[in-house]
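Chains, contacts and geometry: an overview
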Amino acid sequence: IVLDTGEIKEYENHSENRSENKDSLRKTFKKIRELINTNFTGKPNELAFTVTYKENMQDEKRLYNDFRKFIKRLKYKYPNIDYMSVVEPQERGAWHCHILIRFNGLETVYIANKEVAELWSNGFVNVKAIKKNVDNLGAYLSAYLGDIELNEKNKNQVKPGQIIKEVDIEGKKKKFIKGGRLHFYPVGMNIYRASRGIEKPKVEYMKYKETKKIVGAVTPDYSTKVLILDDEGKEINSIAYENYNLCRKKNK
């Protein structure tokens, strides 16, 4: 609709990849972080799998078909599990998949790489315990999804205006090209999947002073602020985001 005239026109909005719809991707990544933080805390019965292909496999349909078969085999051996999976494109275009799994009914779990590799049967795997000392687990595990790590090979490809951010991963400072991986995601692709037992975050609306009563003296593990400016650059409002982990209170 042309607001000035009320005229209705047809238009074609075709995007070849997700980099042209960054707002939608940011919302998806935010949802992924919230789902991870709601359902995984690094308990001894939680594991993180990374499954890759031995060849440069770029077919997303095959990826999901192989993943479905893998989960079916895994459930045959471990029936009572819940999982979240997130697909990630490598710089060469090949797909691999990160999977967080909670083994319900078990206090602790250990599975060897060899066992998971046999169940996956498409290439390489990496099995790790989920970091239990990370406050914002969702942000930690999703650090690579939309961004590409800055290295010697791609540092000359950084475009003017692209943001370089620094992230602390396992005690090491790493630099990433913000949004550098987005163009690898095809439009309409499901970036993540979750089992039925994965709970959605519970949302409550309240005043900021009421939230401070809940978190008490806990220090936020992540915070940021966006300033709202008028045409003359004067601040007229601001939007603050703070993330707290009440499982590990930090009185500072």
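Quick look at the structure, then. (Residues numbered from 1 in each chain as written. Predicted model: local features only at pLDDT ≥ 70, side-chain atom pairs only at ≥ 80, totals over all residues. Heavy atoms only, no water.)

Turning our attention to the pairing of strand 2 (residues 81–89). Among the nine residues in strand 2, nine count as buried, and that is most of the element. Burial along strand 2 is two-sided: Ile81, Tyr83, Ser85, Val87 and Pro89 facing one way and Asp82, Met84, Val86 and Glu88 facing the other are all buried. Where strand 2 and strand 3 (residues 95–103) come together, nine bridges link them in antiparallel fashion. Counterpart to Val87 in the pairing with strand 3 is Cys97. With three bridges connecting them, strand 2 and strand 8 (residues 192–194) associate as antiparallel partners. By the bridge assignment for strand 8, Met84 is matched with Ala194. (Buried < 20%, exposed > 50% of the residue type's maximum accessible area, 1.4 Å probe, protein only. Helix = DSSP H or I, 4+ residues; strand = E, 2+ residues; numbered from the N terminus. Pairing = 2+ DSSP bridges.)

A separate point is the pairing of strand 10 (residues 235–243). Looking at chain direction, strand 9 (residues 222–229) and strand 10 are connected through eight bridges and run antiparallel. Looking across to strand 10, one finds that Leu227 is bridged to Ser238.

A positive phi is found at Ser121, a non-glycine position, where the angle reads about 60°. Within the element layout of this structure, Ser121 appears in the loop between helix 3 (113–120) and strand 4 (125–129). Exposure remark for Ser121: the relative accessible area of 48% places this residue in the partly exposed category.

Now for the nonpolar core. Counting 43 residues, the largest nonpolar core has Phe49, Val87 and Ile99 as the members making the most contacts within it. Elements with a minimum of two residues in this core: helix 1 (22–39), strand 1 (46–51), helix 2 (60–77), strand 2, strand 3, helix 3 and strand 4. Filtering out sequence-adjacent residues up to four positions away, Ile99 remains in contact with Leu47, Ala48, Phe49, Val51, Phe67, Phe70, Tyr83, Met84 and Ser85. (Core = buried A, V, L, I, M, F, W, Y, C linked by side-chain atoms within 4.5 Å. Contact = heavy atoms within 4.5 Å.)

Glancing now at the packing of aromatic side chains. In total, this model carries five aromatic pairs according to the counting rule given. The structure contains a cluster of three or more aromatic residues connected by ring pairs, namely Phe49, Tyr53, Phe70 and Trp120. Positioned above the aromatic ring of Phe40 is the side chain of Arg102, whose terminal nitrogen or guanidinium carbon lies 5.8 Å from the ring centre. (Phe/Tyr/Trp six-rings, centres within 6.5 Å; stacked < 30°, edge-to-face > 60°. Lys NZ or Arg CZ within 6 Å of the ring centre and 35° of its normal.)

For the rest of this paragraph, the subject is helix 3. For helix 3, the set of buried residues is Glu115, Val116, Leu119 and Trp120. An end-on view of helix 3 places all buried positions within 135° of arc, on one side of the element. Turned more than 90 degrees away from the buried face of helix 3, the exposed residues are Lys114 and Glu118. Looking at the packing, one finds that the buried side of helix 3 touches strand 1, helix 2 and strand 4. Positive phi shows up at Ser121, right after helix 3, with a value of about 60°. (Arc of directions from axis to C-beta.)

Applying the stated criterion across every chain yields a total of five salt bridges. The partner of Arg62 in a salt bridge is Glu55, and the shortest N-O contact between them spans 2.8 Å. A relative accessible area of 29% means that Glu55 is categorised as partly exposed. Two residues, Arg102 and Asp82, come together in a salt bridge whose shortest N-O distance is 3.3 Å. (Salt bridge = Lys/Arg side-chain N within 4 Å of Asp/Glu carboxyl O.)

For the rest of this paragraph, the subject is the sheet that holds strand 2. The five strands are arranged 4-1-3-2-8 in an open sheet whose pairing can be described as antiparallel. Every interior strand has two partners, whereas the edge strands, strand 4 and strand 8, have only one. Each neighbouring strand pair of the sheet contributes to a mean axis angle of 15°, computed without reference to strand direction. Note that strand 1 and strand 3 share six bridges and pair antiparallel. Residue pairing for strand 3: Ala48 is matched across the bridge by Leu100. (Axes fitted to C-alpha atoms, helices over the stretch in contact; angles between N-to-C directions.)

All quantities given are derived from atomic positions and should not be read as evidence of function.
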